[in-house]
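Observations on the three-dimensional arrangement
Here is how the chains run, residue by residue.
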Amino acid sequence: MARDYRDYRRRGATIAAIVIDSPAQNAAMVEKLALPFPILADPGGEQAIKSAGVWNDTGKMAKPAIVVLAPDGREVYRYVGVDFMDRPGDDEVLAALDGLGLPPVDTPLHPMTHRASSPGPRAMTLSDLGVYLRGVRFAMGAMAARARDDWHRAEAERTQKMAERYLAAQGATLRVVTDRGERGTGDPR
Amino acid sequence: MRECTLTDQDGQTWQLADALTAGAVVLVFYRGDW
């Protein structure tokens, strides 16, 4: 989504991510992934996660979900995944935005001051993420080949395709970050 | 939901109502520590 942000803005939408992590952890994530949109902290889930109905009470964290709100606050799209590899494609979300027929967003990108960042204990580096996604892709390919019924095969193949998509995004992010490094400072977005 | 106020990665306040004045808002929820 970060690498295709202009597709969202062109359809009259901005993006905000919401998570239980602290602002310092989120700063590390924004920096790592060169995110053009903010990550908002909702540590106990009370501000937004619970009221959006996407709280995972067992894990005490948000369920993986995408909720699209029209400018009047009306919900026009919702996808709640069962786990972190269960995400809709951009196409679906963009189609929901197309349905609203909004003018493009031309306001500046969310300002970022790059304050102190501190990654969480389990956070992967961007290059580790590539290795991880290759593992997922490989494992899902193997599972698809072994599956004994169509449903499991389709799920494995869907997850494999998602890993493929994320891997492409990881590669694109790596290029953005490398470019940012070579140019010194500046906004990579 | 509409009244929700959150803190971004720089410690700045973010309000859903403000974001909605610019257009639609796509909220992405994820598990975190990632």
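Residues numbered from 1 in each chain as written. Chains lettered and ligands numbered in written order. Predicted model: local features only at pLDDT ≥ 70, side-chain atom pairs only at ≥ 80, totals over all residues. Heavy atoms only, no water.

Overview of the overall build of chain B
The helix and strand inventory of chain B stands at one helix and three strands. N-terminal to C-terminal, the α/β element order of chain B is β-β-α-β. With the model as given, the accessible surface of chain B reaches about 1,300 Å², and the carbon-plus-sulfur share is 44%. (Helix = DSSP H or I, 4+ residues; strand = E, 2+ residues; numbered from the N terminus. Areas by Shrake-Rupley, 256 points an atom, 1.4 Å probe, with all protein chains shown as cover.)

A few points about the overall build of chain A
A tally of regular secondary structure across chain A gives five helices and six strands. Ordered by position from N to C terminus, the α and β elements of chain A give α-β-α-β-β-β-β-β-α-α-α. Taking 189 residues into account, the globule formula puts the C-alpha radius of gyration at 16 Å, and chain A, at 18 Å, falls close to it. Seen through its principal axes, chain A has C-alpha atoms that stretch 50 × 40 × 35 Å. Residues classed as buried in chain A amount to 42% of the 189 residues present. Sequence-distant contacts, at least 24 apart, represent 60% of the contacts inside chain A between residues at least 6 apart. Of the roughly 10,100 Å² of accessible surface on chain A, 55% is carried by carbon and sulfur atoms. The averaged location of the 25 negative side-chain charges in chain A is 3 Å from the averaged location of its 26 positive side-chain charges. (Rg over C-alpha atoms; globule rule 2.2 N^0.38 Å. Buried < 20%, exposed > 50% of the residue type's maximum accessible area, 1.4 Å probe, protein only. Contact = heavy atoms within 4.5 Å. Lys, Arg positive; Asp, Glu negative; His and termini not counted. Charge placed at Lys NZ, Arg CZ, Asp CG, Glu CD.)

Re the packing of helix α4 (residues 126–146) of chain A against helix α5 (residues 150–182) of chain A
All names here are of chain A. Packing of α4 against α5 brings their axes to within 8 Å, and their N-to-C directions diverge by 160 degrees. Taken together, the axis directions place α4 and α5 in an arrangement best described as roughly antiparallel. Judged by the sense of rotation from one axis to the other, the crossing of α4 with α5 is left-handed. Residues that form the contact of α4 with α5 fall into these classes: 13 nonpolar, seven polar and five charged. (Axes fitted to C-alpha atoms, helices over the stretch in contact; angles between N-to-C directions. Parallel < 35°, antiparallel > 145°, perpendicular 65-115°, else oblique. Left-handed = near helix turned anticlockwise from the far one by under 90°. Nonpolar A, V, L, I, M, F, W, Y, C, P; charged D, E, K, R; others polar.)

Structural notes on the environment of Ala70 of chain A
Along the chain, Ala70 of chain A falls in the loop between β5 (65–69) and β6 (75–80). Expressed as a C-alpha distance, the spacing of Ala70 of chain A and Gly101 of chain A, which sit 31 residues apart in the sequence, is 10 Å. Contact partners of Ala70 of chain A, with chain neighbours within four places excluded, come to Val76 and Leu100 of chain A together with Leu20 and Ala24 of chain B.

Some words on the nonpolar core
In this structure, Tyr8, Leu35, Ile39 and Leu97 of chain A together with Val26 of chain B are the most contacted members of the largest nonpolar core, which totals 30 residues. Leaving out residues up to four positions away in the same chain, Tyr8 of chain A has contacts with Met1, Ala13, Ile15, Asp90, Val93, Leu94 and Leu97 of chain A together with Val26 of chain B. With 21 residues, the next largest nonpolar core counts Ala16 and Leu69 of chain A together with Ala19 and Val25 of chain B among its residues. (Core = buried A, V, L, I, M, F, W, Y, C linked by side-chain atoms within 4.5 Å.)

Structural notes on the side chain of Asp21 of chain A
Looking at where Asp21 of chain A falls in the secondary structure, it is placed in the loop between β1 (13–19) and α2 (23–33). Despite its burial, Asp21 of chain A remains without a salt bridge, the nearest opposite charge being carried by Arg122 of chain A at 7.3 Å. Asp21 of chain A has contacts with Asn26 and Ala41 of chain A together with Gly32 and Asp33 of chain B, leaving out every residue within four places of it along the chain. (Salt bridge = Lys/Arg side-chain N within 4 Å of Asp/Glu carboxyl O.)

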